[in-house]
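Listed below, chain by chain, are the residues.
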Amino acid sequence: MAPQVIDHKGGVWSIAVPIPDNPLGHTLVHLLETDRGPVLVDTGWDDPDSWDTLTAGITACGFAPADVHGVVITHHHPDHHGLSAAVRETSGAWIAMHAADAAMVRRARAARPGQWLDYLLVKLTAAGAPEDHLEPLRAARAGRRGRKAPARRAALPDRGIEPGALLDLPGRRVRAIWTPGHTPGHVCLHLEEAHPAHQDARPATFGRLFSGDHLLPGITPHIGLYEDPDDVAPDLHDRGDPLGDYLDSLERIARLAPAEVLPAHQHAFPDAAGRVRELIAHHEDRLGDLRTLLHEPLTAWQLAAAMQWNRPWDQIPAASRNIAVSEAEAHLRHLVKRGDAEPVPGSHPVRYVAV
């Protein structure tokens, strides 16, 4: 089957690279033509079918896979960074990533066997997970299953991405915008060139934005804790504020006012500022709902079980519950930092209550 490729004009294409067994369906890998050859924004999932689709898509754009000059990674997740090593092996391309996400790749590659499960067990125990959820993880740990940490095979980047700086892409003006939240080193890329539909004059909106997962037309990206398997301390509520980072990052993108957003999932869309307003309102509504739930003390696990998801809690698989708890903890942490909730002194596992 021919790859799904869209010509966005002005030397920009998107290639829909499949994600195996995932409801998202695919990652939109963007190809940007430069004076030194094509540069990819993200690469897609590390899978043979995904690789075949990516290379066929590059060919459909009028280039050979061996021509790829560079790879710019919006963030380290495997549906974005997974095929970077294969691209580099095929073409000799450089790989660029923000330092905060590069550090996460290095940690995952260097993790000792079982470290990820150790981290999950401590984290979930501190969150108040019940024994029936923890026991399969303990059994996996005892049986030496789950030895590999996520992204153990992920390529190490050989270039950094400096926030606010123009990337070294001859013939193009692409500026990196640091947008932490979904990951600590997530970046969006502002193509500071007139949109092909706006060639006559600079309008109020300008250029195009490769938004990764930061800004999607119909999905709210997961905002959880910045996972670190080296950190197994149970007291998590004082560390960082991913949701606060995300909300601040959204405001930066709204002020940027690109004419069009080219996201990594779904489809291109206009009106970044309007979508930003929707996402901020969504999180404010959710924070308000959580404050209502916290009229009585709850653990992070209990809060996650009471939150609204896309299906009832008892139908959510165990691995997805881990992600849900991380998202609940990120919202709890933001409430605590805003002074809207606080941990109950002496509670173990820690319970939180609205103030």
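Scroll up to find the structure.
Residues numbered from 1 in each chain as written. Predicted model: local features only at pLDDT ≥ 70, side-chain atom pairs only at ≥ 80, totals over all residues. Heavy atoms only, no water.

### Considering helix α8 (residues 272-293)
Then, in step 1: Its 22 residues give α8 an end-to-end C-alpha distance of 32 Å, which sits within 8% of 32 Å, the value for a rise of 1.5 Å per residue.
Then, in step 2: Turning to α8, its buried residues number three or more, namely Ala 272, Gly 274, Arg 275, Val 276, Leu 279, His 283, Arg 286, Leu 287 and Leu 290.
Then, in step 3: Against α7 (242-256), β11 (260-263), α9 (300-306) and α10 (318-338) lie the buried residues of α8. (Helix = DSSP H or I, 4+ residues; strand = E, 2+ residues; numbered from the N terminus. Expected span 1.5 Å × (residues − 1). Buried < 20%, exposed > 50% of the residue type's maximum accessible area, 1.4 Å probe, protein only. Contact = heavy atoms within 4.5 Å.)

### What about the sheet that holds β11?
Then, in step 1: With mixed pairing, four strands are arranged side by side in an open sheet as β8-β9-β10-β11. Sheet topology places β8 (174-178) and β11 at the edges, where each strand pairs with a single neighbour. Averaged over all pairs of adjacent strands, the angle between their axes in this sheet comes to 25°, without regard to strand direction.
Then, in step 2: On top of the sheet, α7 reaches β8, β9 (187-191) and β10 (208-212); it is set at about 150° to β8, its chief contact. (Pairing = 2+ DSSP bridges. Axes fitted to C-alpha atoms, helices over the stretch in contact; angles between N-to-C directions.)

### A few points about α7
Then, in step 1: The terminal C-alpha atoms of α7 lie 21 Å apart, and with 15 residues this matches the ideal 21 Å at 1.5 Å per residue to within 8%.
Then, in step 2: Of the residues making up α7, those classed as buried are Pro 242, Leu 243, Gly 244, Tyr 246, Leu 247, Ser 249, Leu 250 and Ile 253.
Then, in step 3: For α7, the elements touching its buried residues are β8, β9, β10, α8 and α10.

### A few points about the packing of α7 against α8
Then, in step 1: Taken N-terminus to C-terminus, the directions of α7 and α8 make an angle of 155°; their axes are 9 Å apart at the nearest point. One finds that α7 runs roughly antiparallel with respect to α8. In the crossing of α7 with α8, the sense of the turn from one axis to the other is left-handed. Residue-level contacts link Leu 243, Tyr 246, Leu 247, Leu 250, Glu 251, Ile 253 and Ala 254 of α7 to Ala 272, Ala 273, Val 276, Leu 279, Ile 280, His 283 and Leu 287 of α8.
Then, in step 2: Partitioned by chemical class, the residues of the contact of α7 with α8 number 12 nonpolar, one polar and one charged. (Parallel < 35°, antiparallel > 145°, perpendicular 65-115°, else oblique. Left-handed = near helix turned anticlockwise from the far one by under 90°. Nonpolar A, V, L, I, M, F, W, Y, C, P; charged D, E, K, R; others polar.)

### Quick look at the side chain of Arg 321
Then, in step 1: By secondary structure assignment, the location of Arg 321 is in helix α10.
Then, in step 2: Despite its burial, Arg 321 pairs with no opposite charge; the closest candidate is Asp 314, at 6.0 Å N-O.
Then, in step 3: Those residues in contact with Arg 321 that sit more than four places away from it in its chain are His 133, Trp 301, Trp 313, Asp 314 and Ile 316. (Lys, Arg positive; Asp, Glu negative; His and termini not counted. Salt bridge = Lys/Arg side-chain N within 4 Å of Asp/Glu carboxyl O.)

### Some thoughts on the sheet that holds strand β6 (residues 94-97)
Then, in step 1: In space, the seven strands of this open sheet follow the order β1-β2-β3-β4-β5-β6-β7, with mixed pairing throughout. At either end of the open sheet lies a strand with only one pairing partner, and these are β1 (5-7) and β7 (159-160).
Then, in step 2: Docked against the sheet, helix α1 (residues 48-60) engages β1, β2 (12-18), β3 (26-34) and β4 (37-41), running at close to 160° with respect to β2.

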